[in-house]
Amino acid sequence: MDEDFRSFLQEMEETKEGGFVRIAKEIDPSYELAAIVTKLEQARQVPLLFFEKVKGHAMPVVVNCYADRGRVARSFGVSKRDLTQRVAQAYQRPIPSIEVANAPAQEEVYQGSKVDLLKLPAMVYHNTDAAPYITAGIVFAKDPDTGQYNLSYNRLMVKGKDRLGIFMTVGKHLNAIFMKMEQYKKPLEIAVSIGNHPAWAIGALAIGPYEENELGIIGGLKGSPLEMVRCKTVDLMVPAGAEIILEGEIEPFVREPEGPFGEFTGYATHPGSSPVVQVKAITHRRNPIYQGICGGSHREHLTMATIPMEANYFRVIKGAVPEVEAVRVAAPFTLFISMRKKYEGQARSALIAAFGADLYLKHAIVVDHDIDLADLQRVLWAMATRVQASRDIFMIPRARGSSLDPSAEPLGVTDKMGIDATAKPSLEKFSPINAVPQEVMARIKLEDYIGDFLTAMRSKR
Ligand SMILES: Cc1cc2nc3c(=O)[nH]c(=O)nc-3n(C[C@H](O)[C@H](O)[C@H](O)COP(=O)(O)O)c2cc1C
Ligand SMILES: [Mn+2]
């Protein structure tokens, strides 16, 4: 059997990588899960949470599966340090999937009038949310002309027993496929997979050209062919090891109110008008485990989206400027890049490549290799001491970005800003950086000078 969600959960329960907690006390599907996630994050904790009982529902709920980099890395059999590298490699070595006849994901099949989305313990996360949302569903769709698969995460608003609102960003691939189908005046068949091994999640979020197949990348991440099974009511294949599959179609030219929903930016969207999924079948494992991703500005969404984004930025920027050393998505729409600048102008070349690599990017900052990108203070120090605004900042007005940025114009028209915070002309020729000589740092032991103070300090702790 494929590596699947259950084997992942089992491994995490055994290793406790990043924390694993089973919660026996019943939670209410409105707000309580989000409250627990929020309180834990305030204490800087993101354990995988397994809620065994949800009021009014038979299925248990898990969240935070991909909230911790160490957890995702372990599921790929690599260390946290090697994670970006491993994901970048998978782009290079895609592996095609294979079809299997029987799948755990179809142990139970509900079609037609037996379809009931309300059985899924979809959650209301924030005071802004219009309805319960399915947040951990990977949407599978095919290009009508080439038959190529596209995978993406899309928030799904539960509107009734067999109806979902779906949000598709303009400029992303799923939206492009749906637009094609509207031109053909035909519905778009989709399937939604819920309860997925991290390889599926990270691969589905791969950023790249339209032609690049997410399925191959997921195979590459897993290191062997993916096992997929044919859907019951739509012409699509889905992960054989998924917990729950929804099958359905998006009708052309239908738009209905959707949202508001508290998004990863920390803001809620305005109520909008979105296409609708008519669900034709639900299939699932026996005793399925429902997976959620806490809506809003929480660790899981940020971590899972950031891992493939960074891998993509790294490969694209390195293609243009081999001297790039590291990248870090530091905040929504914000990228830090560090490089070992050899030639004047390279920092700007890196910025240009970054803006081409991802639609969402809005602010990008390049620093020299002496700056640790994980250290915000150091990045700000480089900005403070190596930037002259009139010389080092450039703007691209009114390009395409994210419609979820509340400062952007409708449909995500936004200014882009690049900041070259490298030392000019080079770090070597810049003002010397002051530091106590290494030899002295190694030689001086605080105990020899201020022993009493240290003891007092320690006993206070
Ligand atoms: C938890 C989560 C939820 C997301 N929800 C949406 C969404 O509702 N609509 C959307 O367009 N993108 C959403 N995204 C982002 C897309 O899934 C992502 O940009 C993906 O790479 C798009 O793929 P595509 O260009 O192949 O369609 C979400 C991402 C995450 C991690
Ligand atoms: Mn795609």
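Bear in mind the structure is a predicted one, so any value in this text is a computation, not a measurement.

**Digging into the packing of helix H8 (residues 299-320) against helix H9 (residues 346-357)**
Helices that pack against each other are described as a pair by the angle of their axes relative to one another and the distance between those axes.
Logical step 1: In the contact formed by H8 and H9, the axes pass within 9 Å of each other and the chain directions differ by 140°. One finds that H8 runs oblique with respect to H9. Between H8 and H9 lies a crossing whose hand is right-handed. Judged by residue contacts, Asn312, Tyr313, Val316, Ile317 and Ala320 of H8 engage Ala350, Ala353, Ala354 and Ala357 from H9.

**A short note on helix H2 (residues 32-42)**
Logical step 1: The set of residues buried in H2 consists of Leu33, Ala34 and Val37. Taken down its axis, H2 places every buried residue within 95° of arc, on the same side. Counted as exposed and oriented over 90 degrees from the buried face of H2: Lys39 and Gln42.
Logical step 2: Its buried side turned inward, H2 meets strand S2 (48-51) and strand S3 (61-63).
Logical step 3: A positive backbone phi angle near 60° is found at Arg44, which sits one or two residues after H2.

**Looking at the side chain of Asp368**
Logical step 1: If you trace the backbone, Asp368 turns up in strand S21 (residues 363-368).
Logical step 2: A polar side-chain atom of Asp368 sits 2.7 Å from the main-chain amide nitrogen of Ala423.
Logical step 3: Ignoring sequence-local partners within four residues, the contact set of Asp368 consists of Ser338, Met339, Lys341, Arg386, Ala421, Thr422, Ala423 and Leu427.

**Some details on the pairing of strand S17 (residues 276-284)**
Logical step 1: Counted residue by residue, S17 has seven buried out of nine residues, so it is predominantly covered.
Logical step 2: When strand S5 (residues 108-111) meets S17, the two strands line up antiparallel, connected through four bridges. In the strand pairing of S17, Gln111 is matched with Ala281.
Logical step 3: As defined by bridge partners, strand S10 (residues 163-166) adjoins S17 across three bridges and the pair is classed as antiparallel. Residue pairing in the sheet places Arg163 in a bridge with Gln278 of S17.
Logical step 4: Inspection of the sheet shows strand S14 (residues 244-250) paired to S17 by seven bridges, in the antiparallel sense. Bridged to Ile244 within S17 is His284.

**Overview of the coordination of the manganese ion (ligand 2)**
Six octahedral donors around a metal ideally sit at 90 or 180 degrees from one another, while four tetrahedral donors ideally sit at 109.5 degrees.
Logical step 1: The manganese ion (ligand 2) binds to the protein through Asn150 (OD1), His173 (ND1) and Glu214 (OE), with metal-donor distances spanning 2.1 to 2.2 Å.
Logical step 2: Considered as a linear motif, the donors of the manganese ion (ligand 2) on their single chain read N-x22-H-x40-E. With His173 in helix H5 (residues 173-183) and Glu214 in helix H7 (residues 214-222), this pair connects stretches of sequence that are 41 residues apart.

**Here's the deal with the side chain of Asp4**
Logical step 1: Within the secondary structure layout, Asp4 lies in the segment before helix H1 (5-15).
Logical step 2: Of the polar contacts made by the side chain of Asp4, one reaches the backbone nitrogen of Arg6; its length is 3.2 Å.
Logical step 3: Setting aside residues no more than four positions away along its own chain, Asp4 makes contact with His197, Gly241 and Arg285.

Procedures and definitions
Residues numbered from 1 in each chain as written. Chains lettered and ligands numbered in written order. Predicted model: local features only at pLDDT ≥ 70, side-chain atom pairs only at ≥ 80, totals over all residues. Heavy atoms only, no water. Axes fitted to C-alpha atoms, helices over the stretch in contact; angles between N-to-C directions. Helix = DSSP H or I, 4+ residues; strand = E, 2+ residues; numbered from the N terminus. Parallel < 35°, antiparallel > 145°, perpendicular 65-115°, else oblique. Left-handed = near helix turned anticlockwise from the far one by under 90°. Contact = heavy atoms within 4.5 Å. Buried < 20%, exposed > 50% of the residue type's maximum accessible area, 1.4 Å probe, protein only. Arc of directions from axis to C-beta. Polar contact = N/O pair within 3.5 Å; in protein donor to acceptor, adjacent residues only side chain to side chain. Pairing = 2+ DSSP bridges. Donors = N, O, S within 2.8 Å, 3.2 Å for Na, K, Ca; no water.

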